[in-house]
Amino acid sequence: MEHRADTVSRGRAAGSGLIAAWCLVAVAEPLALAFSAASAPFVAVGEAFIDLIPPGLKDAVVDLFGTYDKPVLFGAMALVYSAAALGIGLLGRRSLALAASLLAVLGLVAALAVLSRSHTTVLDLVPTAVGTAIGVGALILLLRLAVDVPPGEAEDDGLAIDARRRRFLVAALTTGALAVAVGVLGRAAAGARAAAEVARTLFAVPAPAVPAPPIPAAAQVDLAGMPPFLTPAADFYRIDTALAVPRIDARTWSLRVTGLVEHELQIGIDELLAEPMTEAHVTLTCVSNPVGGDLAGNATWTGVPVRTLLERAGVRAGADMVLSRSVDGFTASTPLEALTDERAALLAVGMNGRPLPLEHGYPVRMVVTGLYGYVSATKWLEELRVTRFADETAYWTDRGWSERGPIKIASRIDVPRPSARVGAGTVELGGTAWAQQRGIARVEVRVDDGPWQDAQLGASAGDDCWRQWSFTWEGASSGEHRATVRATGGDGEEQTPDRADPVPDGASGWHSITFRVA
Ligand SMILES: Nc1nc2c(c(=O)[nH]1)N[C@H]1C(S)=C(S)[C@@H](COP(=O)(O)O)O[C@H]1N2
Ligand SMILES: [Mo]
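Residues numbered from 1 in each chain as written. Chains lettered and ligands numbered in written order. Predicted model: local features only at pLDDT ≥ 70, side-chain atom pairs only at ≥ 80, totals over all residues. Heavy atoms only, no water.

K.L.:
Explain the packing of aromatic side chains residue by residue, including any values.
P.N.:
Two measures describe an aromatic ring pair: the distance that separates the ring centres and the angle between the ring planes. Counted under the stated rule, the structure contains 14 aromatic pairs. Ring geometry for Phe-42 versus Tyr-81: centroids 6.4 Å apart, planes at 80°, classification edge-to-face. Placement of the pair is Phe-42 in helix α2 (residues 41-52) and Tyr-81 in helix α4 (residues 69-91), with a sequence separation of 39 residues. Residue Phe-42 is classed as buried on the basis of its relative accessible area of 16%. (Phe/Tyr/Trp six-rings, centres within 6.5 Å; stacked < 30°, edge-to-face > 60°. Helix = DSSP H or I, 4+ residues; strand = E, 2+ residues; numbered from the N terminus. Buried < 20%, exposed > 50% of the residue type's maximum accessible area, 1.4 Å probe, protein only.)

Dropping the structure here:
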């Protein structure tokens, strides 16, 4: 039977396109869990897209959606993909071959995206290829079944229009339901298997040769609404460019030390775990954290000092930077001096006494106190390249951020929340301040246009950690009030009121909130 536009309704054609296109995804995505993380076509297209869009646009999107940027990206992709699928279905009313070819082209685009990821091989094309074949098959089947025979024309199989429509509906619903079932079950099963695989390759964090001093109980200010002094891994902020978290088998993982060194090194996890470990409490902060923002977390990290490996490799004269590289292609440029001076600069394997969670860089990441994460805290680490700032640049430097990123002193008000309503009389305020490597010597609070007054500091757990503070405002009058905070570092630096945007090297300025007293 010929395929004529007037014999397939728009609705059935569009529905066929939509179901077939999502069959492709439903099959390919769970299948990808058996291959590398970058073999998942939907994720790969998203990552390739991020690499292609201009940095300015990307910053605008991150500004707008913050840490929801990933769900927003995936949602937008799903919409665009669905629209394309509807269009393909509609074109199928004219030509089955054209529609099938177009869906295959979408599969091809996804395949190219997979190949554009670092570390992918031809084998990683299997999920996309299988998904595309099944999607195209479903499209052809559904569009064939969608054909009505116009009244009066011969019906080759003698089926009446009603029966044909019912048959199409059953086929469409069955295919759709199968796709959803395969997608959901496949993902759950494969996800569970991947988790089990990771669990098998987890290791115990060795006892540190150099333990961190215990955290005094009084480091935690006793005030409802204050963040915990040590951030649990599950609540720790997460910032990375990876749309799918790399799943690394620690048993096959290795770290290479390359570039301007006397002898290149390659060491596996057992060799790394055999080195003496240092433990340190370090507050990690993100350069994109706005004034008063919460892209900061405090953890106890256990790891091998970066210095240990650099000394083993022998750094050659002229080097001034280490470009650390992640398995997902991310890079950070860390000044050599920050990795060789006395500060905590670790190849961390432990976070709060447990192996790093996958999202935070399992099995090994860098943590360097005093530097923003984008120039120091590479997760899923695989290479340390000793080089020169003049010769190589890192991921965010190529996108307009500073080549170096020392952390600026910062303070914020955590309690009360902005716009909160509090009872009259005595108002308790509390917050957090940090100046890594220097510590916090003083925090002052100002209510409305009143004088600056000293806040009470929580106990210190070391200069690399944030410090909590509290302030009691007696005799609060009812109405709207503004509180402002500023900190002074252990080196005497007083936090500047001058506002700076996070781009290119971190925000500055005082944090204020307004709240209402009953
Ligand atoms: N592989 C990889 N490592 C990365 C990043 C990344 O995008 N990819 N982002 C960096 C940035 S910008 C920050 S602030 C820290 C955040 O670490 P966290 O997600 O564990 O809090 O990781 C750093 N390490
Ligand atoms: Mo960051």
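Moving on from the coordinates now.
K.L.:
Give a detailed account of the site of ligand 1, specifying residues and quantitative values.
P.N.:
For ligand 1, the set of nearby residues contains 19 residues, the closest of which are Tyr-237, Thr-241, His-360, Arg-365 and Lys-379. One nitrogen or oxygen atom from the side chain of His-360 is found 2.6 Å from an oxygen atom belonging to ligand 1. In this structure, a nitrogen atom belonging to ligand 1 sits 3.0 Å away from a main-chain N or O atom of Ala-377. When the free accessible area of ligand 1 is taken as 530 Å², the share hidden by the protein chains comes to 99%. When atom positions are compared with the pocket grids, ligand 1 is found to occupy the largest pocket. For the shell around ligand 1, the per-class residue count stands at nine nonpolar, five polar and five charged. (Near = heavy atom within 4 Å. Polar contact = N/O pair within 3.5 Å; in protein donor to acceptor, adjacent residues only side chain to side chain. Areas by Shrake-Rupley, 256 points an atom, 1.4 Å probe, with all protein chains shown as cover. 1 Å grid on protein atoms, 1.4 Å probe; cavity = no way out; pocket = protein on both sides within 12 Å on 5 of 7 lines; lining within 4 Å. Sits in = over half its atoms within 2 Å of the grid points. Nonpolar A, V, L, I, M, F, W, Y, C, P; charged D, E, K, R; others polar.)

K.L.:
Run through the side chain of Gln-495, naming residues and quoting values.
P.N.:
Position of Gln-495 relative to the elements: it lies in the loop between β18 (479-489) and β19 (511-517). By relative accessible area, Gln-495 is classed as buried at 4%. A polar contact is formed between the side chain of Gln-495 and the side chain of Ser-411, at a distance of 2.7 Å. A polar atom in the side chain of Gln-495 sits 3.1 Å from the backbone oxygen of Gly-509.

K.L.:
Account for the UniProt feature "transmembrane region" (unreviewed entry) in the protein chain, naming residues and giving values.
P.N.:
Mapped onto this numbering, the UniProt entry gives "transmembrane region" (unreviewed entry) at residues 72-91, 96-116, 128-147 and 168-190. Along residues 72-91, the helical share is 100% and the strand share 0%, with 29 Å between the first and last C-alpha atoms. (UniProt positions renumbered as here; feature names shortened; annotations may be inferred.)

K.L.:
Help me get a handle on the packing of helix α5 (residues 96-116) against helix α6 (residues 126-145), residues and values and all.
P.N.:
With their axes 9 Å apart at the nearest point, α5 and α6 run at an angle of 165° to one another. As judged from the angle between their axes, α5 and α6 are roughly antiparallel. Relative to α6, α5 is oriented so that their crossing is right-handed. Note on element contacts: α6 touches α5 through Thr-128, Thr-132, Gly-135, Val-136, Leu-139, Ile-140, Leu-143 and Arg-144, opposite Leu-96, Ala-99, Ala-100, Leu-103, Ala-104, Gly-107, Ala-110, Ala-111 and Val-114. (Axes fitted to C-alpha atoms, helices over the stretch in contact; angles between N-to-C directions. Parallel < 35°, antiparallel > 145°, perpendicular 65-115°, else oblique. Left-handed = near helix turned anticlockwise from the far one by under 90°. Contact = heavy atoms within 4.5 Å.)

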